[in-house]
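# Structure at a glance
Listed below are the residues making up each chain.
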Amino acid sequence: MIAGCLVGYFVRKNIAERKIKTAEHLAEKILIEAKRTAETKKKELLLEAKEETLKLRNAVERENRDRRNEIQRTERRLIQREEMIDRKSINLENKEDKLTKKIKSIDDKKMKIDLMYDKEIEKLEKVSELSSEEAKQILLNNVEKEIKHESARIIKDIVATAKDQAEKKSKEIIAYSIQRCAADHVAETTITVVNLPNDEMKGRIIGREGRNIRTIETLTGIDLIIDDTPEAVILSGFNAIRREIVRIALEKLIADGRIHPTRIEEMVEKATKEVENSIREEGEQATFDIGVHGLHPELIKLLGRLKYRTSYGQNVLKHSLEVASLAGIMAAELGVDVKLAKRAGLLHDIGKAVDCEIEGTHVELGMDLLKKYRESKHVIHAMSTHHGDYEPETVEAILVTAADAISAARPGARRESLESYIKRLDKLEKIANNFEGVERVFAIQAGREVRIIVKPETYNDKDIVLLARNISKNVEAELEYPGQIKINVIREIRAVDYAK
């Protein structure tokens, strides 16, 4: 047993020594491999560091180069600007010298002219043996006599004409009265009033920092006028369809109570659909009322749009219905095609539904629309002649032209166009402003009176009589107008002081 133990001890000892040697050998191999790997990693890291350093150096050099280039360009621009400023300064100095010389020359000439004027006045006074004040007095006396004589003649002519043409004049006065009774007709065609439950609603319509009112105006193109008018908002715009959309949308928003940009967009969209449906229904109702059937759906929509279109203050849809009815009655009396006359009369102004969006006369646009939607050539011809652009070849065409003239010409049917009215007032004020010494001019009473305020130091009390006469002569020569225009010249002197 002892021998066995000794043998086992030595065997294990040999095995352990071999294992130790093997482990040492393996450890030595691992150390060598680790050293080799470390050396490789070290070299790689050194290479990467060198590459990164090189990249950074190149980037810095590029940046420095770009900065130098930018500085050089800036320096060149500054040098150019300095040169330009120097040139401009020299030019300004030259111009200033020239202007100084011109002003001096003008002053010299003015002095010479004043001297010559004084000499000429002296010569005239010597030749006429009258002073300038005496000559003025004689001229004013002559003008006064002329005015009195002409006024008497005019009054006599007016009285004589009134006696001879009393009936004619009364009809004209009635016609003018009918037209002038619609004094706010222009406003009605350009504004719509929306009633509010209370004045607090105005603030909600405006919104925080005006965002609600801005949203409405941006979506529709209609101006909202919110002023001191109690419980009302005014919608202003020349497009009646858009005004109607805003009116309906506002009424819905007021009833709903929630007013913010998102809700406004929803209501404007709903109101747009409602107005489109209303337009189609109006067109269908018009065709039903007049007894014209078989129109293209798009033509019916265009007819409905005419409800929101006016011409010289006359509603175009009502005018079209009136023309169709008159043309049909006359066609029945003459025994010609009643349906054709009514159809052409109803469609004769269809071009006005799109003339604000497409260039061209409403006659040409109407012909294109009727051709597009396959109306007969007889209808197209009958509607195309109502303004004399084409020669009428059928009885129906003549009847449509006559019906259009009757509908438009009856007293009070139409008013003067807004554009020509404004131009007339503007020209009236310009005529008076052309006279020297006029300070301010106001055309009032719908152009029936011109109020002219003159500088008191330029005219005396007698001069303004002659000025009024001269202005009235120029107005008569340059303007065409109904009735008469009152020329009211005012010379006013005010003295103001303060008690302290």
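Everything here concerns the structure above.
Residues numbered from 1 in each chain as written. Predicted model: local features only at pLDDT ≥ 70, side-chain atom pairs only at ≥ 80, totals over all residues. Heavy atoms only, no water.

## A few points about a positive patch on the surface
On the surface, a cluster of positive charge is made up of Lys95, Lys98, Lys101 and Lys102. Looking at the element boundaries, Lys101 is found in helix H1 (residues 2–128). (Patch = residues over 30% accessible without salt bridge, like charges linked within 9 Å, V, L, I, M, F, W, Y side chains within 5 Å. Areas by Shrake-Rupley, 256 points an atom, 1.4 Å probe, with all protein chains shown as cover. Salt bridge = Lys/Arg side-chain N within 4 Å of Asp/Glu carboxyl O. Lys, Arg positive; Asp, Glu negative; His and termini not counted. Charge placed at Lys NZ, Arg CZ, Asp CG, Glu CD. Helix = DSSP H or I, 4+ residues; strand = E, 2+ residues; numbered from the N terminus.)

## Focus: the side chain of His348
Relative to the helices and strands, His348 resides in the loop between helix H11 (338–347) and helix H12 (362–372). Polar contacts involving the side chain of His348 include one to the main-chain carbonyl oxygen of Gly345, which spans 2.6 Å. Of note is the side chain of His348, whose polar atom sits 3.2 Å from the side chain of Asp349. (Polar contact = N/O pair within 3.5 Å; in protein donor to acceptor, adjacent residues only side chain to side chain.)

## Describing the packing of helix H6 (residues 211–220) against helix H8 (residues 261–290)
Orientation of H6 relative to H8, taken along the N-to-C sense of each, is 30°, at an axis distance of 9 Å. Here H8 runs roughly parallel to H6, going by the angle between their axes. Along this stretch, H6 crosses H8, giving a crossing that reads as right-handed. The residues of H8 that touch H6, namely those facing Arg211, Asn212, Thr215, Ile216, Leu219 and Thr220, are Pro261, Ile264, Glu265 and Val268. Partitioned by chemical class, the residues of the contact of H6 with H8 number five nonpolar, three polar and two charged. (Axes fitted to C-alpha atoms, helices over the stretch in contact; angles between N-to-C directions. Parallel < 35°, antiparallel > 145°, perpendicular 65-115°, else oblique. Left-handed = near helix turned anticlockwise from the far one by under 90°. Contact = heavy atoms within 4.5 Å. Nonpolar A, V, L, I, M, F, W, Y, C, P; charged D, E, K, R; others polar.)

## A word on the sheet that holds strand S8 (residues 486–491)
Spatially, the three strands line up as an open sheet ordered S6-S7-S8, and their pairing is mixed. Each end of this open sheet is capped by a strand with a single partner; those strands are strand S6 (438–444) and S8. Across the sheet, the mean angle from the axis of one strand to that of its neighbour is 20°, orientation sign disregarded. Bridge count between S6 and strand S7 (residues 449–454): six bridges; the pairing is antiparallel. Across the sheet, residue Val438 finds its bridge partner in S7, namely Val454. (Pairing = 2+ DSSP bridges.)

## Description of the sheet that holds strand S1 (residues 191–195)
What the three strands build is an open sheet, ordered S1-S3-S2; its pairing is antiparallel. Each of the sheet's edge strands pairs with one partner strand only, and the pair in question is S1 and strand S2 (223–225). Neighbour-to-neighbour, the strand axes of this sheet turn through a mean angle of 25°, independent of strand direction. Across three bridges, the pairing between S2 and strand S3 (residues 232–236) is antiparallel.

## Side note on the packing of aromatic side chains
Overall, the coordinates contain one aromatic pair when judged by the stated rule. Judged by centre distance (5.5 Å) and plane angle (70°), the rings of Tyr9 and Phe10 are edge-to-face. Take Tyr9: its relative accessible area is 45%, and that puts it in the partly exposed class. (Phe/Tyr/Trp six-rings, centres within 6.5 Å; stacked < 30°, edge-to-face > 60°. Buried < 20%, exposed > 50% of the residue type's maximum accessible area, 1.4 Å probe, protein only.)

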